[in-house]
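Residue strings, one per chain:
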Amino acid sequence: MPRALRHLAALPLCAALSLAACQSSPPTTGDTPMQESTATVRIQGEALYFEKILMPEGSQLRVQILDNQLADTQRAVLAEQVTTVGAGPYEFAIDVPRAKLRPGGQFGLHASVSAPDGSVRFLTDTRVPVSIGDGALDVHVGQVRLRHVQP
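Since the model is a prediction, treat every value here as computed from it, not as a measurement. (Residues numbered from 1 in each chain as written. Predicted model: local features only at pLDDT ≥ 70, side-chain atom pairs only at ≥ 80, totals over all residues. Heavy atoms only, no water.)

Right, let's talk about the confidence of the model for the protein chain for a bit. For the protein chain, the mean per-residue pLDDT works out to 78, and 75% of the residues sit at or above 70. Note that pLDDT drops below 50 for residues 4-37; the model gives that stretch 4 contacts with residues more than four away or on any other chain. (pLDDT = per-residue confidence, 0-100. Contact = heavy atoms within 4.5 Å.)

On inspection of all chains with the given rule, the structure shows 2 aromatic pairs. On the numbers, 3.7 Å between centres and 10° between planes, the contact of Tyr 49 with Phe 122 is stacked. Remark: Phe 122 occurs in strand β6 (residues 120-123) and Tyr 49 occurs in the loop between β1 (40-48) and β2 (59-67); sequence separation between them is 73 residues. Comparing Tyr 49 with Phe 122, the two get one shared label, buried. (Phe/Tyr/Trp six-rings, centres within 6.5 Å; stacked < 30°, edge-to-face > 60°. Helix = DSSP H or I, 4+ residues; strand = E, 2+ residues; numbered from the N terminus. Buried < 20%, exposed > 50% of the residue type's maximum accessible area, 1.4 Å probe, protein only.)

Below, the discussion takes up the environment of Lys 52. For Lys 52, the position within the fold is in the loop between β1 and β2. Along the chain, Lys 52 and Gly 88 lie 36 residues apart, while their C-alpha atoms are 10.0 Å from each other.

Under the counting rule described, the total for this entry stands at 5 salt bridges. Salt-bridge contacts for Arg 62 lead to Glu 80; the nearest nitrogen and oxygen are separated by 3.0 Å. With Arg 62 in strand β2 and Glu 80 in strand β3 (residues 77-85), the pair connects residues that are 18 residues apart, well separated along the chain. Residue class for Glu 80 comes out partly exposed when judged on its relative accessible area of 42%. Salt-bridge contacts for Arg 147 lead to Asp 125; the nearest nitrogen and oxygen are separated by 3.4 Å. Of the two residues, Arg 147 is situated in strand β9 (residues 147-148) and Asp 125 in the loop between β6 and β7 (128-130); the sequence distance between them amounts to 22 residues. (Salt bridge = Lys/Arg side-chain N within 4 Å of Asp/Glu carboxyl O.)

Among the structural elements, Gln 64 can be located in strand β2. Looking at Gln 64, the relative accessible area reads 16%, which means it is buried. In this structure the side chain of Gln 64 is engaged in a polar contact, spanning 2.6 Å, whose partner is the side chain of Glu 80. Filtering out sequence-adjacent residues up to four positions away, Gln 64 remains in contact with Val 77, Ala 79, Glu 80, Gly 108, Leu 109 and His 110. (Polar contact = N/O pair within 3.5 Å; in protein donor to acceptor, adjacent residues only side chain to side chain.)

Another point: the pairing of strand β5 (residues 107-114). Side-chain positions along a regular strand alternate between the two faces of the sheet. Of all 8 residues in β5, 7 are buried; the element is thus mostly enclosed. Pairing geometry for β2 and β5, over 8 bridges, is antiparallel. Bridge assignment links Leu 61 to a residue of β5, and that residue is Val 113. Pairing analysis gives 3 bridges linking β5 to β7, with the strands arranged antiparallel. Residue pairing in the sheet places Phe 107 in a bridge with Val 130 of β7. The sheet contact formed by β5 and β6 spans 3 bridges and is antiparallel. Note on β6: the bridge partner recorded for Ser 114 is Val 120. Joining the antiparallel neighbours β5 and β6 is a turn of 5 residues, in which Gly 118 adopts a positive phi near 95°. (Pairing = 2+ DSSP bridges.)

This is the structure in structure tokens:
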């Protein structure tokens, strides 16, 4: 077969392969990594106090992310994390479901450290403002100052 005819015979095959490569695959119903990462927003920071007080073993750090516009209601707490802690400062990372975040909402963080008997020893005296953008995946609030509470 002459060379020119071979090229012409291969042309329909090349066209079919090119079209097959351009077709998109059907959407999948399973979660993709991108969907999983946008399902929550991780709020990270460090809670600390300046007093030279060593908390006893079994003390707990409680971090809450709050919707400021729902203040003083049970629905105000969007996410909460309680962990057993030792000596401070205390690093935290709390995941907030994106479905609970209202666009343009105002959010805050409250943290406290309790002794093993449940008595609060340190806490944030006001809500720490947390700015969560629409496309945010991670928000770093930096250091959060805890104030001493007299037992």
